[in-house]
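Structural overview
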Amino acid sequence: MIETNRTFVNSHESLGLMLIVSLAILLPGSALAKADWGYVGKTGPDYWAEMGGENNACGGQNQSPVDIHGVVQADLAPIELNYTGPGRQVVNNGHTVQVNFDSGSAIRVDGSEFALLQTHFHAPSENHIGGRSFPLEAHFVHADAEGNLAVIGVMFELGAANPNLEELTSKAPMEMASSATLSKGMHAADFVTSGRDYYRFNGSLTTPPCSEGVRWLVLKQAASISSEQLQKLSAAFPHANNRPLQPLNARLVLE
Ligand SMILES: [Zn+2]
C-alpha cells in the first residue's frame with residue numbers, strides 16, 4: 001500500500017500538493033485512507049458512512065453509482081479529448097486493477113482542462129444503463145488544477161476478445177500491493193471516444209470517502225471483452241468490486 005502511494009506521488013510530483021492530497025484518496029488503502037473498507041461483511045458498503053471522518057459523505061444525497069434512467073435531452077457539448085501517451089504502470093491495490101498515466105493526457109469539460117490520472121476496473125459494472133448491468137466498467141479518472149474530478153465510465157459487454165485489453169489482461173498483477181509494467185501500454189483513446197454519445201450527471205467517488213462533486217460522463221457505446229479476458233482481469237480482485245446502486249434523488253441525467 002505504501003509502495004502504491006509512493007510510486008503514485010513520484011509519477012505526479014509536478015502536481016501541486018493540494019492535488020496530490022485530493023487524489024491520494026482515490027487510491028484505496030493508501031496512507032490517507034484512514035479506515036479499512038471492503039465490499040463484503042462489516043467493512044462493506046452498508047457501513048462505509050459509519051467509518052467516521054470524511055467517510056460521512058458515503059451517506060450523502062448525490063452518490064455514485066446510479067442507474068441511468070429518466071434521461072433529459074440536453075445540448076451536451078462533445079467531450080474534447082487530448083490523450084497522448086499510454087499508461088504503462090499497472091497496480092493491484094487490493095480493490096481493483098489500476099493503470100496509472102504520466103502527465104500530458106487530458107480532456108476538456110466545462111471550459112476546463114482535466115488531466116487523465118488513472119483507469120481502473122469494476123466487475124460487474126457499477127453504473128447501470130436503463131436498469132441493465134454490464135460485466136465490466138472502466139473508470140477513466142481526470143482532475144483539473146483545483147482537484148475537481150471528472151470520471152468517464154466505459155461499459156464492456158461480452159463478445160470478441162478486445163485486442164486493446166490483451167496486454168493488460170495478460171499482465172495484470174494478481175497479488176495485492178503488487179505492480180507490473182506494460183510495454184505497449186493502455187491507450188485511453190482506444191476506449192474513450194469524443195462526441196456527444198454520453199450521459200452526464202453529478203455524483204461521487206464510488207469508494208470511501210465517497211466525496212461528492214464528481215462530474216460523471218458515461219459513454220453510451222459499450223466496448224467488447226471476451227469471457228477469457230474478463231476472467232483474467234477479475235481474478236485480480238478478491239470478489240465483485242461494485243458498490244450497490246445509489247438513488248438519484250433530485251439529480252438529473254442529461255444526454
Ligand atoms: Zn471506479
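See the structure shown above.
What comes next concerns the included structure. (Residues numbered from 1 in each chain as written. Predicted model: local features only at pLDDT ≥ 70, side-chain atom pairs only at ≥ 80, totals over all residues. Heavy atoms only, no water.)

1. Describing the pairing of strand 11 (residues 198-204)
- With respect to burial, strand 11 is a largely interior element, six of its seven residues being buried.
- With seven bridges connecting them, strand 11 and strand 12 (residues 212-219) associate as antiparallel partners. Paired with Phe201 across the strands is Trp216, a residue of strand 12. (Buried < 20%, exposed > 50% of the residue type's maximum accessible area, 1.4 Å probe, protein only. Helix = DSSP H or I, 4+ residues; strand = E, 2+ residues; numbered from the N terminus. Pairing = 2+ DSSP bridges.)

2. Side note on the coordination of the zinc ion
- Around the zinc ion, the protein supplies His120 (NE2), His122 (NE2) and His139 (ND1) as donor atoms, at distances of 2.0 to 2.1 Å.
- Look at where the donors of the zinc ion fall in the sequence and you get H-x1-H-x16-H. (Donors = N, O, S within 2.8 Å, 3.2 Å for Na, K, Ca; no water.)

3. So, the packing of aromatic side chains
- Counted according to the given criterion, the structure contains six aromatic pairs.
- Taking the centre distance of 6.3 Å and the plane angle of 5 degrees together, the rings of Phe201 and Trp216 count as stacked. Taken together, the positions of Phe201 in strand 11 and Trp216 in strand 12 put the pair 15 residues apart, joining distant regions of the chain. Accessibility assignment for this pair places Phe201 and Trp216 in one class, buried.
- One aromatic cluster is present, built from ring pairs that chain together Trp37, Tyr39 and Trp48.
- Over the aromatic face of Tyr199 sits the side chain of Lys220, whose NZ or CZ is 5.2 Å from the ring centroid. (Phe/Tyr/Trp six-rings, centres within 6.5 Å; stacked < 30°, edge-to-face > 60°. Lys NZ or Arg CZ within 6 Å of the ring centre and 35° of its normal.)

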